[in-house]
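Reading the structure
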Amino acid sequence: MDAPKKRIFSGIKPSGNLTLGSYIGAIKNWVALQDEYDCLYCVVDMHAITVRQDPALLRRRTLEQLAQYIACGLDPERNIMYIQSHVPAHAELSWVLGCYTMFGELSRMTQFKDKSRKNADNINAGLFTYPVLMAADILLYQADLVPVGEDQKQHVEIARDIANRFNNVYSQTFTLPEPFIPKTGARVMSLADPMSKMSKSEQDGDGCICLLDKPDDIMRAFKRAVTDSETCVRFDKENKPGVSNLMTIYSAATGKSFEDIENEFAGRGYGDFKAAVGESVVELLRPVREKTEDLLKNKDYLEQIYTEGARRAAFLASKTLDKVYRKVGFVKQPRI
Ligand code: TRP
């Protein structure tokens, strides 16, 4: 018999539109993992409300994001795809885990410090306990691996620390998760400021491409992309961050190596190069946009997907939560 597949959990907050960065840096990898692993891919709406959201917009983006997961190639049959707030066990486990997480360790989280600086008028307790909810997401499903970007590694590590602490007090309960940062997980930088990440939260400017952007807008953003004063297409992250970022994107969109790209554009100006990158992205995103638009016309189908996803997730989650409640000493829940 085959060894059981390892389990993967990951999620993205619906706090902004998905970007080319989310696609190349995260979802494309999720798609590659779906055969080899047993995967749960969640739309983490509960995490999104740690910063103020417009309710109608949050609702729309949550559904859009689920549709985009599917449009990017994630198969709702092979993966469990659902919306976090539909499975109450996340909040329930989060409370318990919060009692095994220290104030000091939460205070040291880089994302908390960053976000408190950026949202100085709303440093709410949810922002502080964000890593506990994320630990609950991961530990509920006994995930082995958590595909995340570098910036989320610290959150997976604290989940591991919490799991370890709980296991030591009560005997083996949680699988210790590991961050899984795929080698091909290219980090896409802003087109306007190639020193900072292409970000959903700063997506008003020209620096960010969203998955649903129209071809003309995509071409315009690439034509305006910041480069440097040389004219040579060469990969050099330190000295040529803009050009290197465009090469990363072009490589992800076309499968060409950096060497191929350098040869292709040898002796040609940045104008040609930027237009070619723009076109490759237009073609990369065209099917994703079209499929998303189709899916969004079919709300019944989407509802069916997230209902089935929540049902399957809730089943797995209840096994862990029952165990946890028993271990901490809660009286067995009556049927109500
Ligand atoms: N914190 C993650 C982010 O900001 C999103 C997230 C929430 C997540 N829960 C998760 C990622 C569980 C991986 C696993 O991107």
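Preceding this paragraph is the structure being described.
Residues numbered from 1 in each chain as written. Predicted model: local features only at pLDDT ≥ 70, side-chain atom pairs only at ≥ 80, totals over all residues. Heavy atoms only, no water.

**A closer look at the environment of Ser251**
One can find Ser251 in helix H10 (residues 241-254). In this structure, the C-alpha to C-alpha distance between Ser251 and Tyr141, residues 110 residues apart in sequence, is 34 Å. In this structure, Ser251 is in contact with Lys256, Phe258 and Ile261, ignoring residues within four places of it in sequence. (Helix = DSSP H or I, 4+ residues; strand = E, 2+ residues; numbered from the N terminus. Contact = heavy atoms within 4.5 Å.)

**Some thoughts on the site of the ligand**
Inspection of the region around the ligand gives 13 residues, with Lys13, Tyr130, Met134, Asp137 and Gln152 positioned closest. The side chain of Tyr130 places a nitrogen or oxygen atom 2.7 Å from a nitrogen atom of the ligand. Between Asp137 and the ligand, the recorded distance is 2.7 Å, taken from a side-chain N or O atom to a nitrogen atom. Alone, the ligand offers 360 Å² of accessible surface; in the complex the protein occludes 90% of this. (Near = heavy atom within 4 Å. Polar contact = N/O pair within 3.5 Å; in protein donor to acceptor, adjacent residues only side chain to side chain. Areas by Shrake-Rupley, 256 points an atom, 1.4 Å probe, with all protein chains shown as cover.)

**Re unusual backbone geometry**
Here Gln142, not a glycine, exhibits a phi torsion of approximately 55°, which is positive. Along the chain, Gln142 falls in the loop between helix H7 (125-140) and strand S4 (145-147). Judged by its relative accessible area of 18%, Gln142 is buried. (Buried < 20%, exposed > 50% of the residue type's maximum accessible area, 1.4 Å probe, protein only.)

**Comments concerning the packing of aromatic side chains**
Taken as a whole, this structure holds 16 aromatic pairs when the rule is applied. Between Phe166 and Tyr170, the ring centres sit 4.6 Å apart and the planes meet at 40°, which makes this aromatic pair tilted. Taken together, the residues span about one helical turn, with Phe166 and Tyr170 both in helix H8 (residues 153-170) at a distance of four residues. By relative accessible area, Phe166 is classed as buried at 0%. Judged by its relative accessible area of 22%, Tyr170 is partly exposed. Here the aromatic cluster, defined as three or more aromatic residues joined through ring pairs, consists of Tyr100, Phe166, Tyr170 and Phe174. (Phe/Tyr/Trp six-rings, centres within 6.5 Å; stacked < 30°, edge-to-face > 60°.)

**Notes on the packing of helix H4 (residues 89-98) against H7**
Where H4 meets H7, the axes come as close as 8 Å, and the angle between the chain directions of the two elements is 115°. Considering how the two elements wind past one another, H4 and H7 form a crossing that is right-handed. Residues Ala89, His90, Leu93, Ser94, Leu97 and Gly98 of H4 lie in contact with H7, whose contacting residues are Val132, Leu133, Ala135, Ala136, Asp137, Leu139 and Leu140. For the contact of H4 with H7, a count of residues per class yields nine nonpolar, three polar and one charged. (Axes fitted to C-alpha atoms, helices over the stretch in contact; angles between N-to-C directions. Left-handed = near helix turned anticlockwise from the far one by under 90°. Nonpolar A, V, L, I, M, F, W, Y, C, P; charged D, E, K, R; others polar.)

**Some thoughts on empty space enclosed by the protein**
Sizing a probe to match a water molecule and rolling it over the atoms shows the empty space that remains. Overall, the coordinates contain one cavity of 30 Å³ or more when judged by the stated rule. Taken together, Met109, Gln111, Phe112, Lys115, Leu127, Tyr130, Pro131 and His155 make up the full set of residues lining the largest cavity. Of all the elements in the fold, those that place two or more residues in the lining of the largest cavity are helix H6 (110-118) and H7. Per-class residue counts for the lining of the largest cavity are five nonpolar, two polar and one charged. (1 Å grid on protein atoms, 1.4 Å probe; cavity = no way out; pocket = protein on both sides within 12 Å on 5 of 7 lines; lining within 4 Å. Points joined across faces, edges and corners; volume = space filled by probe spheres on them.)

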